[in-house]
Amino acid sequence: MKFKGKVWKFGNDVNTDEIISGKYKYDTLNINEIVKHTFEAIDPDFAEKVSKGDIIVAGGNFGCGSSREQAPLVIKQLGISTVIADFFARIFYRNAVNTGLPIIECPLSEKVDEGDILEVNFEEGSIKNLSKNESFEFRKLSMFMLDILEAGGLVNYLREKKGFPLK
Amino acid sequence: MGKTLAEKIISVSTKKDVYSGDVVLCDVDIVMAHDGTAPLAIEEMKKMGVDKVWDPNKVVLVIDHTSPSPSDRISNIHAMIRNFAKENNIPNLYDAGSGICHQLLIENHVIPFQIVIGGDSHTCTHGALCAFGTGMGSTDVAAIFAYGKTWLRVPETFKVEVAGPLQSYVYSKDIILQTTKEIGAAGATYKAIEFLGSTITNLNMDERFTLTNMAVEMGGKSGFIPVDNVTKKFLEGKGVRNIPEIKPDKDADYEREYLLEAEYIEPMVAVPPRVDNVKPVSEVEALELDQVFIGTCTNGRLSDLKTSAKILKKKKEKVKVRTIIGPASRNILIQAIQEGLIEVFLKYGAVIIPPGCGPCIGRHLGILGDGEVCLSTQNRNFKGRMGNPNAEIYLSSPATAVASAITGYITDPRSILE
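Just so we're clear, the structure is a prediction, and the values are computed from it rather than from any experiment.

This part covers the overall build of chain A. Scanning chain A for helices and strands turns up 8 helices and 7 strands. When the backbone C-alpha atoms are referred to their principal axes, chain A occupies close to 45 × 40 × 25 Å. Counting every position in chain A, which comprises 167 residues, the buried fraction comes to 63%. In chain A, 62% of the contacts between residues at least 6 apart in sequence involve partners at least 24 apart. Here chain A has roughly 6,800 Å² of accessible surface; of this, 47% comes from carbon and sulfur atoms. Computed over 22 positive and 25 negative side-chain charges, the separation of the two mean positions in chain A equals 7 Å.

Have a look at this one:
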């Protein structure tokens, strides 16, 4: 997997209520209907400003709070290609992999600026900042997780494998 | 090598000797989903090409987050959950008014050494019974519905030892707020937290669940408390006998250790919008309130209601701000009625809402207005949590909450009671 996109920056401890408020998620299962409220509490215009392929770069503990899977789903639905955070909250991390939203743990929040263009290569574990001509490496995802992401999420993965291949 | 509680429980469950860092595929004993997470899980399971759940007796469905339904659209989503339970012959569907999912699991399902996975972040609560409880999202839950399995990385453990007697009007909620302050909102990410020490031994089960419930507020995967005589008595009350004492090995390996001296812990509040922005009540005292909420999976149990009613009875004063009381389950509500607590709440001006999550999740039964300030016994004070990003939520114990309801501003319960 390779992505190239423009950076949107977020701070530390972005929680799931800020990603998508609980008040929207109980009413519908249609992600398209709630996607316009993504990050509303932080930046009410975010959903309109973002373009397909853009990249989120955040500080630590991204996605903390509730177990709502709508959080990675709305980010993916907006067309964000990948989220890079210093580190993720644990349930968000699982949910992102399971829903096929590529995520990277790499401490870039102090090193890139909003609007920079990044090129990400998952197989190599490398990130290039084309705007600043800098390169970074990140710890590659395990094969199991990469397989799930490449299948487009756990649903497709389990449908293809007909169950868990792990022993 | 010695084992932590997390390592012991997963070792027993998987019948393997496992230690932190090991990744294991586990058989799940209980999988729970509620009206916020079940609908998506049901859809995802079907998309996996599976029609029926692997074992209907191990699936628990709860309609608690928005119940009774506040809108026609939510009613349709509830109907989908009921249909799924029917199609799959799932006996444990808890419908509106039964209570909050974690309280229902505690009352009716969880026993030590189980693997309990919930489509809710506060599933970490169940470690107070030495079950491995942790929260996951709807797709993980769907995979368990389909195959009864999930993968887990055995977590490293932080040891939090709390020693000595608590001051009067200081409770387990104050302990966990102090712990959150020390560890930080992300300090225990991916880790288990064990609560040990003489203070913990002296807590009843209601108070213990308050501690483990908030492990996730530090990023934790699960919170654990050893099984002792208090736990055994609690389990015996539910007909579960012959449970051994369960404690961590003396030479267990902890990633970090914290020591709190209980006598120095004061009534605490978490200042919005961060759970770890914790201050003694004395530092924010006199802040005017618009709403007080006593309830939730953190502090809606019988002990919490007893403490609250006792303070109202002692002061004999009506509440000065709107005060919402949400018993965590129907059983708790029945006991509260039998013990005369509900009459006390009503007499002194509080509102009783049906057992469930209530205003904590921001969809109904007490949504805040712009600029309003709420003091709540819940576990999160994030911006927008109670349905309005322009409102503020402070967190405290039930005693501090009810003392503040009586005065109308944030109040140290000791200042009006001692």
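We now examine the sheet that holds strand β6 (residues 132-135) of chain B. Paired through backbone hydrogen bonds, the strands of a sheet run either parallel or antiparallel to each other. Residues and elements named next belong to chain B. Strand order in this open sheet of 5 strands is β4-β3-β2-β5-β6, and the pairing throughout is parallel. Where the open sheet ends on each side, the last strands, each with one partner, are β4 (92-94) and β6. Geometrically, the sheet is characterised by an average inter-axis angle of 15° between neighbouring strands, direction not taken into account. Summarising the sheet, strand β5 (residues 115-118) and β6 pair through 4 bridges and their orientation is parallel. Residue pairing across strands places V116 opposite G133, the latter belonging to β6. Contacting β2 (30-34), β3 (59-62), β4 and β5, helix α4 (residues 101-108) runs over the sheet at an angle of about 150° to β2.

Capping the start of helix α9 (residues 229-237) of chain B is the job of one residue whose side-chain oxygen sits 3.0 Å from the backbone nitrogen of B:V230: B:D228. Looking at the residues trailing α9(B), positive phi occurs at B:G239, about 85°.

Our focus in this paragraph is the interface of chain B and chain A. Every contact between the two is made by 51 residues of chain B and, on the other side, 44 residues of chain A. Between chain B and chain A, roughly 4,100 Å² of surface is buried when both sides are summed, and carbon and sulfur atoms account for 58% of that area. When the buried surface of chain B facing chain A is broken down by residue, B:R73, B:W151 and B:Y190 rank first, second and third, together holding 16% of it. Between A:D17 and B:R385 there is a salt bridge; the shortest N-O distance is 3.4 Å. Where chain B meets chain A, there are 22 residue pairs in polar contact (both at pLDDT 80 or more). Every element with two or more residues in the side of chain B that touches chain A is listed here: α2 (38-47), α3 (72-87), β6, α5 (138-147) and β7 (149-153) of chain B.

Before going further, it helps to spend a moment on unusual backbone geometry. Leaving glycine out, the prevailing phi sign among residues is negative, and the prevailing peptide bond configuration is trans. For the peptide bond that leads from B:S67 to B:P68, omega is -10°, which places it in the cis range. Summarising the element assignment, B:P68 is placed in the loop between β3 and α3. That bond from B:P272 to B:P273 is cis: its omega, 0°, falls within 30 degrees of zero. Along the chain, the position of B:P273 falls in the loop between β12 (268-270) and β13 (278-280). Notably, A:N133 is not glycine yet its phi reads approximately 55°, a positive angle.

Our focus in this paragraph is the sheet that holds strand β6 (residues 126-129) of chain A. Residues and elements named next belong to chain A. Taken in spatial order, the 7 strands make up an open sheet running β4-β3-β2-β1-β5-β6-β7, and their pairing is mixed. Where the open sheet ends on each side, the last strands, each with one partner, are β4 (103-105) and β7 (134-137). Averaged over all adjacent pairs, the angle separating strand axes in this sheet is 25°, with direction ignored. Here strand β3 (residues 82-85) runs beside β4; their pairing, made up of 3 bridges, is parallel. For V83, the partnering residue across the bridge sits in β4 and is I103.

About the thresholds
- Residues numbered from 1 in each chain as written.
- Chains lettered and ligands numbered in written order.
- Predicted model: local features only at pLDDT ≥ 70, side-chain atom pairs only at ≥ 80, totals over all residues.
- Heavy atoms only, no water.
- Helix = DSSP H or I, 4+ residues; strand = E, 2+ residues; numbered from the N terminus.
- Buried < 20%, exposed > 50% of the residue type's maximum accessible area, 1.4 Å probe, protein only.
- Contact = heavy atoms within 4.5 Å.
- Areas by Shrake-Rupley, 256 points an atom, 1.4 Å probe, with all protein chains shown as cover.
- Lys, Arg positive; Asp, Glu negative; His and termini not counted.
- Charge placed at Lys NZ, Arg CZ, Asp CG, Glu CD.
- Pairing = 2+ DSSP bridges.
- Axes fitted to C-alpha atoms, helices over the stretch in contact; angles between N-to-C directions.
- Polar contact = N/O pair within 3.5 Å; in protein donor to acceptor, adjacent residues only side chain to side chain.
- Buried area = accessible area lost by both parts, 1.4 Å probe.
- Salt bridge = Lys/Arg side-chain N within 4 Å of Asp/Glu carboxyl O.

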